Amino acid sequence: MKKVLIVDVESLVNRFLEARLKREGFSVVFATDGQQALILIQDQKYDLILVDLMIPNVAGRELIMEIQRNPLNSQTPIMVLTSLSSDELIVDVLASGVKDYIMKPFSVNVIVAKLKQLTELSMDIN
Amino acid sequence: MILNALSSDTLCASLFSNYPEIIRVAAFVASFTFILIILTLIGIFYHRVKHGKMVRLSTLAEGEIIEELNDHLFLFDSVTDIPEADMNAIVDKLTVLKNKNDVFGQSMADVLIHLQTNLTGSFDNIISSTFSRLKLRKFTLNRLRSSFWFLRTKGLNEVHEMQDGHALPVVYELVNDRNPDVRVAAYTVLIKMKTRYCFDFLSNEKEELSEWHLIVLGDAVTATENADIPDFKNYLTGTNKSLIILSVRLIVAYLQFNAIPKLLLMLDNEDEQLRNQIIIALGKLAAGNVEERLIGKYDEETDRNKSAILFSLGQIGSGKSLNFIVEKFLEAGDFAIMKSAASAIFAHPGDLKDQILQSLTTVREDHLAMLRSFS
């Protein structure tokens, strides 16, 4: 079972996404802030990490750098969720090694397809 | 409780009967205040408990509703993929859940509206079709008719999110609401739902709207795809300054160059803020033939508008006003004017800008610092 860590605030949409991903065969772990995410990445290797850039406690960008420095998850593909549509930000985030991004509001079908694609890619590489 | 209060007052009266009148009055006021404080604390405690219970119940309801939706409805990619018999069976199940109690009904409406707002793609039509079949509109209508303005505003957002055309008669009533936030939310719904007379508020609204309202309305117009955009110059003659400003901004957003002659006439308007917005608009429209007129107005304008004129001349960037901009840069005492002039110089195309910068060899230290900050 592919393990996905979603770092985003608690919301109905995320509860819905979690249920949908579980049905698609993912094992989903939620972190509702950056601090919690930092703890979770120390103990477990994930197949994919989905990070909202606007999360409490640790800035999304900072968290991405921490994940990339983490020995367990440095090779884990990261996908970014954002409601900010600035080209500059997206280019910047992609340049930092993030594999893909999804704009909010998102389509669940698209997000599931992207997660499948990235986790398969990551498994192939491993 | 009231009886207790009365009896304690009587007790106070008998206890203090031998004291001077002022002491008796003070004792009465003190005991009355004490009872009021106790009653208030009990009220606060009761509402907190009630609210906590409601939150727990709604969370439970949301969980059950999401589970039902996931297990039965969102297995399909589109409403057309769901066989009619299956859809009816799903709706029946959800109706049972909805009718459990009012909290479940309201939560179901809230969950569907939330998902509709925050998800895109093929689920859109499943959500709106389910909302309609479950007859959840009544919850939105209840909000539209609420005595609380924030609930009316929330209801209006829901009408737009669910694209509920049947609720439009109530939205039209709310255009005359006493609260400006509700009126603006109603205008926004009418714009986003592309109703026929959605821009009538530009000539009908009597109250000056706040800057926030103008931003909300401007965003509603520009974010609505395929809206039937009117000629905004027709709304420049009204008496509501805030809506004239909105019209000027929309002229810029939709590059309605035919409004330039009317905007030029309005440069003589007695309102400084309005002139400021027109100067900015002329710059954004990059209307080359207005430079002379802007330069002619410069000396009689306020410092804020002088800055705006220089900034606009920079945006037009034809090069014809470059000497004027440099002159104003060199003589500027006001920081904002100096900054606008420097920004105007740098807004010009490369060769023109370089020529000017090379000629500015012997300038004051503060001018040099300003130029450096732009380069």
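Residues numbered from 1 in each chain as written. Chains lettered and ligands numbered in written order. Predicted model: local features only at pLDDT ≥ 70, side-chain atom pairs only at ≥ 80, totals over all residues.

Residues and elements named next belong to chain A. Looking at chain direction, strand β3 (residues 48-52) and strand β4 (residues 78-82) are connected through four bridges and run parallel. The partner of Val51 across the bridge, within β4, is Val80. Crossover connection from β3 via helix α3 (residues 60-69) to parallel β4: handedness right-handed. Judged from the four bridges that link them, β4 and strand β5 (residues 100-103) form a sheet pairing that is parallel. Within β5, the position partnered with Leu81 by the bridge is Ile102. Viewed along the sheet, the connection from β4 through helix α4 (residues 87-95) into β5 turns out right-handed. (Pairing = 2+ DSSP bridges. Helix = DSSP H or I, 4+ residues; strand = E, 2+ residues; numbered from the N terminus. Right-handed = clockwise from strand over helix to strand, strands pointing away.)

Turning next to the packing of helix α2 (residues 21-73) of chain B against helix α3 (residues 84-98) of chain B. Residues and elements named next belong to chain B. One can describe the packing of α2 onto α3 by two numbers: an axis separation of 11 Å at closest approach and a directional angle of 175 degrees. In terms of their interaxial angle, α2 and α3 are classed as roughly antiparallel. Between α2, through Glu64, Ile65, Glu68, His72 and Leu73, and α3, the contact on the second element is made entirely by Ile90, Lys93, Leu94 and Leu97. When grouped by side-chain class, the residues that make up the contact of α2 with α3 number five nonpolar, one polar and three charged. (Axes fitted to C-alpha atoms, helices over the stretch in contact; angles between N-to-C directions. Parallel < 35°, antiparallel > 145°, perpendicular 65-115°, else oblique. Contact = placed C-beta atoms within 7 Å. Nonpolar A, V, L, I, M, F, W, Y, C, P; charged D, E, K, R; others polar.)

Time to look at the interface of chain B and chain A. Each side of the interface is counted separately: chain B has 15 residues, and chain A has 12 residues. Looking at the side of chain B that touches chain A, the elements that each hand over two or more residues are α2, α4 (102-118) and β1 (119-120) of chain B. Counting residues per element, the side of chain B that touches chain A draws most heavily on α4 of chain B, which supplies five residues. Residue composition of the side of chain B that touches chain A, by class: six nonpolar, seven polar and two charged.

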